[in-house]
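Examining the three-dimensional arrangement
Residue strings, one per chain:
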Amino acid sequence: MSDVEEVGGKNASLGEMIGQLAHAGIEVPGGFATTATAFRDFLSHNDLTRRIATRLAGLDVGDVPALTAAGQEIRGWITRASLQPALVEAIGNAYRTLVEGAPGASFAIRSSATAEDMPDASFAGQQETFLNINGLENVIHAVQEVFASLYNDRAIAYRVHKGYAHGDVALSAGVQRMVRSDLGASGVMFTLDTESGFNQVVFITAAYGLGETVVQGAVNPDEFYVDKRNLAAGRPAILSKTVGSKALKMIFTTDRAAGRSTVTEVVPPAERIRFSITDAEAEALARAAVAIEQHYGRPMDIEWGRDGSDGKLYILQARPETVKSHEEGAEHLRRYRLGRTAPVLASGRAIGQKIGQGRVRMVRSAAEMDRVAEGDVLVTEMTDPDWEPVMKRAAAIVTNRGGRTCHAAIIARELGIPAVVGCGDATETLADGVDVTVSCADGDTGHVYAGLLPIEVVDIALDRMPPLPTKIMMNVGNPELAFAFQRLPNEGVGLARLEFIINRNVGIHPKALLEFATQPATLRDEIEQRIAGYASPTEFYVQKIVEGVATIAAAFFPKKVIVRLSDFKSNEYSNLLGGDRYEPHEENPMLGFRGASRYIAPEFYDCFALECEAMKRVRDVMGFTNVELMVPFVRTLKEARAVLELLARNGLVRGENGLRVVMMCELPSNAILADRFLEHFDGFSIGSNDMTQLTLGIDRDAGGAIAATFDERDDAVKTMLSLAIKACQKADKYVGICGQGPSDHPDLAQWLLDQGIESMSLNPDTVVETWLALAKGRST
């Protein structure tokens, strides 16, 4: 790294890893680099230094035609010039040494600017890369093309925006042996979550073939989240994984007639639905990423490739991550939310956590870029680095193709604008000139809404939260938001709804998976599409639950995460794929086949066993012992005993490996017989919604005149809550509340505080407001 001034950040980093990290098992393909001095000598040798400075003086990079003309002229000067003889000789000597014993080797010729990959800029794709280059003459030609690419339109504009003087930036060309990832896979990984900045995970993207398709956003790649702490402990570390469509791959070609060294081909459908790398390979990549991060002492952005010939994993580039690691400190948090919703016109991967809005500007090709005005929503198939000068004008970016590590995503993060990538059909479902709102504030999935919707912006000073005599926890049902939510002031998760995870991550009725072979052909085909990449239908069900729960548990570790076992009603289970074949029709599902009654029913034993297996893996195999279990809707003491026996038969024994099992106290019978229910559980979590509807005899979903009577603050309801709280205090057991009441009614929250409740679990969007209100109430 001491050679950055001579060979730029990219090449210096490659040499650093070869020299310093080989002992850690980091494999980096060998090569050589030309120096910044050689580049400047080249310019001087051809009298280009002064001419370039004169041509760029006073250039308005916002004037796209003028920028295009200047860039084209300068690049022409460079490509028509001759490399100085000393440089030609030096490249020849280094090349012959490199190919000794491997005459057919091919090389990647990459750019490494002397200001490139500095901590305050990513320079993502600003200069050119040439792949699968064979022969000395072709290598020398590619080096000169790389030199010229320092004056690409995008590179000129980017330097101006970042405040770099053009003459201060020189170029080093890296000549690196190519990994045969055209026969394998490749991708990008970050040593933090790119959207929330959560730094305890490695985020990996992967696709078949050369990595350019991932970087350019030409494919929607597979995604993996790997937990760093589990890697270090030698435990299973993959928190979650998602199959990408991976419709295309870039491979080598020997047909140079068209001047191409690579071609893009369609990936067969059977390969698209499989993961492009194994779990073991994902963990190996994550270990390499952690070693690189530890060596550099900062979050890193890393490109990698798996050689299809030798099966090895190689690191191709490593540079500092430039966005999340440079945001303002953890003591400040800005949240965005929509004041209301509207019809969704397109959806894809959310980049950032902001909301933008404006008029759709459909751009079919780079030739139409100048149509984008300040504040427009840029909609296109995919972007490439040439688009950077106009991307900064956009209020938001929407693309058909691309994943969270593609060019559009990287630049959007750096510019601080929301982007929704990989929509698939945005150019068809959105119309030019229509007003839209682009929201990335709701998790991994971003949505494009019709119209200009009201936006709320909340600034939170996390370092000034006053102390409280109770613990404020959160209700978290969407694992995609867990990494962001953990930044809020909290004491853990008081309610993680398993049915939300099943609905979002699985979407299939467990019986349909258990009895997969007997399903109708059309249903079986649809299930097969969804479970692709997993060993079996039931393994899919178990593992997707594991992924959801483990993600939440990892986000908040070591704080407590109370997971409520599934509380689907029969009508909700029926809405899962295949569910209508197994669920009864009930006039009032709210009072029907749900909670503990369902678990202990013989016809549901095998389904409940799958849930139990998932919880065992999260706690006993992955080591997330901060997960506690909660049993919902326990009507009778007999049910309480039966559920605990059933949990034990499935390997979840209360007290073993620190397992705590609490009960959802949500029926009047629970409060009336609180002392006796507590003989079987480690405490109560009060569900104010069901407790209110069952105490007052009002359907909680009722509308009309009766709806106003539903109030958790009614004296009868508060009497039930008081009974439960006092019983727990008498037995010295945990008591919290996870219902909607405290989130909706600050005065109820204050009453609960006065009762001495141990914790309140709130909806994340009300945590700060309720916290401050409670503190104010205490002070008065």
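Now for a description of the structure that goes with this document. (Residues numbered from 1 in each chain as written. Predicted model: local features only at pLDDT ≥ 70, side-chain atom pairs only at ≥ 80, totals over all residues. Heavy atoms only, no water.)

A few points about the overall build of the protein
Across its full length, the protein carries 30 helices and 29 strands. The C-alpha atoms of the protein give a radius of gyration of 29 Å, which matches the 28 Å a tight globule of 780 residues would have. Reported as C-alpha extents along the three principal axes, the dimensions of the protein are approximately 95 × 55 × 45 Å. When contacts within the protein are restricted to residue pairs at least 6 apart in sequence, long-range pairs at least 24 apart make up 71% of them. On the protein, roughly 29600 Å² of surface is accessible, and the fraction owed to carbon and sulfur atoms is 49%. Side-chain charges of the protein comprise 79 positive and 102 negative groups, with the mean position of each set lying 2 Å from the other. (Helix = DSSP H or I, 4+ residues; strand = E, 2+ residues; numbered from the N terminus. Rg over C-alpha atoms; globule rule 2.2 N^0.38 Å. Contact = heavy atoms within 4.5 Å. Areas by Shrake-Rupley, 256 points an atom, 1.4 Å probe, with all protein chains shown as cover. Lys, Arg positive; Asp, Glu negative; His and termini not counted. Charge placed at Lys NZ, Arg CZ, Asp CG, Glu CD.)

Digging into the sheet that holds strand β19 (residues 435-439)
Here seven strands make up a closed barrel; going around it, the order is β14-β18-β17-β16-β15-β19-β20 and the pairing mixed. Along the sheet, successive strands turn relative to each other by an average axial angle of 35 degrees, direction set aside. Pairing of strand β15 (residues 355-362) with strand β16 (residues 377-380) involves three bridges; the strand directions are parallel. Its bridge partner being in β16, R361 is matched across the sheet by L378. Of the strands in this sheet, β14 (344-351), β17 (396-399) and β18 (419-421) touch helix α13 (residues 407-415), which is tilted by about 80 degrees from β14. (Pairing = 2+ DSSP bridges. Axes fitted to C-alpha atoms, helices over the stretch in contact; angles between N-to-C directions.)

Quick look at the sheet that holds strand β28 (residues 734-737)
Spatially, the eight strands close up into a barrel ordered β22-β23-β24-β25-β26-β27-β28-β29, and their pairing is parallel. Neighbour-to-neighbour, the strand axes of the sheet open up by a mean angle of 30 degrees, direction not taken into account. Sheet topology note: the strand β27 (residues 683-686)/β28 ladder contains four bridges and is parallel. Considered in β28, the bridge of F684 is made with V735.

Here's the deal with unusual backbone geometry
A cis amide bond, omega 5 degrees, links F557 with the succeeding residue P558. Take P558: it is sitting in the loop between α19 (537-556) and β24 (561-564). Despite not being glycine, D47 has its phi angle at roughly 55 degrees, a positive value. Classification of D47 as partly exposed rests on a relative accessible area of 42%. A positive phi angle, near 55 degrees, is found at N657, a position not held by glycine. With respect to the helices, strands and loops of the structure, N657 is situated in the loop between α23 (637-649) and β26 (661-665). (Buried < 20%, exposed > 50% of the residue type's maximum accessible area, 1.4 Å probe, protein only.)

Side note on the packing of aromatic side chains
Under the counting rule described, the total for this entry stands at 13 aromatic pairs. Here F568 and Y573 contribute two aromatic rings whose centre-to-centre distance is 4.6 Å and whose plane-to-plane angle is 55 degrees, an arrangement assigned as tilted. Exposure remark for F568: the relative accessible area of 5% places this residue in the buried category. The exposure class of Y573 is buried, given its relative accessible area of 0%. Among the aromatic residues, those joined into a ring-pair cluster are F198, F203, Y225 and F483. A cation sits over an aromatic face here: R594 above F633, 3.7 Å from the ring centre. (Phe/Tyr/Trp six-rings, centres within 6.5 Å; stacked < 30°, edge-to-face > 60°. Lys NZ or Arg CZ within 6 Å of the ring centre and 35° of its normal.)

Details of the pattern of salt bridges
All told, the structure shown has 39 salt bridges when counted by the stated rule. Ionic pairing is found between E195 and R413, a salt bridge with its closest N-O pair at 2.6 Å. Residue E195 is located in the loop between β5 (185-190) and β6 (201-208), and its partner R413 is located in helix α13; the two are separated by 218 residues in the primary sequence. R413 shares its class with E195; the two are buried. Salt-bridge contacts for R349 lead to E223; the nearest nitrogen and oxygen are separated by 2.1 Å. (Salt bridge = Lys/Arg side-chain N within 4 Å of Asp/Glu carboxyl O.)

Describing the pairing of strand β20 (residues 445-450)
The pairing of β14 with β20 spans five bridges and is antiparallel. Bridging from a neighbouring strand, A346 pairs with V448 of β20. Of the strand pairs in this sheet, β19 and β20 are connected by four bridges, and their pairing is antiparallel. Counted as the bridge partner of V436 is A450 from β20. Hairpin geometry of β19 and β20 is characterised by an intervening segment of five residues between the two adjacent antiparallel strands and by a positive phi of about 110 degrees at G443.

Topic: the packing of helix α5 (residues 85-99) against helix α6 (residues 136-148)
Where α5 contacts α6, the two axes come as close as 10 Å, and the packing angle between them is 125 degrees. As far as their axial angle goes, α6 and α5 are oblique. Considering how the two elements wind past one another, α5 and α6 form a crossing that is right-handed. Here α5 contributes L87, V88, I91, G92, Y95 and R96 to the contact with α6, which in turn contributes L136, V139, I140, V143 and F147. Counted by class, the contact of α5 with α6 contains nine nonpolar, one polar and one charged residues. (Parallel < 35°, antiparallel > 145°, perpendicular 65-115°, else oblique. Left-handed = near helix turned anticlockwise from the far one by under 90°. Nonpolar A, V, L, I, M, F, W, Y, C, P; charged D, E, K, R; others polar.)

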